[in-house]
Amino acid sequence: MSGKNIIEREVDMEEKIMLVDDTGVEREFELVVSFDIEDKTYVLLSENEESDDVFPFVVTEDEEGEVLMPVEDEAEFELVAAAYDEIMDAEDYEDEEDADEEDETE
């Protein structure tokens, strides 16, 4: 997925996002997570819940409105990957705490 893709949604991020690939085919993606790093907003999209492939995009604005641009710079990609890992580690920790609390109440 390269090139710009117009976001047809509000800033609050809906679950499904339609993107057009390089061949002009429209494909549906699911929002995995969105987060900010410094002054940029990033979204990670997946083709479906079962897929291990996650595609990083940065949200930008142009004359047409908000657009998604693929993260292609290696250093920026590493920054996004590290932030995603931190988010997932925090969610795993919260899930473990929730499970521990449920075990204690039983």
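Definitions and limits used
- Residues numbered from 1 in each chain as written.
- Predicted model: local features only at pLDDT ≥ 70, side-chain atom pairs only at ≥ 80, totals over all residues.
- Heavy atoms only, no water.
- Buried < 20%, exposed > 50% of the residue type's maximum accessible area, 1.4 Å probe, protein only.
- Helix = DSSP H or I, 4+ residues; strand = E, 2+ residues; numbered from the N terminus.
- Pairing = 2+ DSSP bridges.
- pLDDT = per-residue confidence, 0-100.
- Contact = heavy atoms within 4.5 Å.

Explain the pairing of strand β2 (residues 16-20) to me, using residue names and the numbers behind them.
Along β2, the buried face is formed by Ile17 and Leu19; none of Lys16, Met18 and Val20, which line the opposite face, is buried. Sheet topology places β2 next to strand β3 (residues 26-37); five bridges connect them, and they run antiparallel. Paired with valine 20 across the bridge in β3 is glutamate 26. Where β2 folds back onto β3 in an antiparallel hairpin, the turn is made up of five residues, including glycine 24, whose phi is positive at roughly 90 degrees.

Can you tell me about the confidence of the model for the protein chain, naming the residues and giving the values?
Low pLDDT marks stretches whose predicted atomic positions should not be read closely. With 74% of its residues at a pLDDT of 70 or more, the protein chain shows a mean pLDDT of 79. At the level of individual helices and strands, the protein chain shows its lowest average pLDDT in strand β1 (residues 5-6), which scores 46, and its highest in strand β4 (residues 40-46), which scores 93. Under a pLDDT of 50 for its full length, residues 5-13 has, in the predicted model, 22 contacts with residues more than four places off or in other chains.

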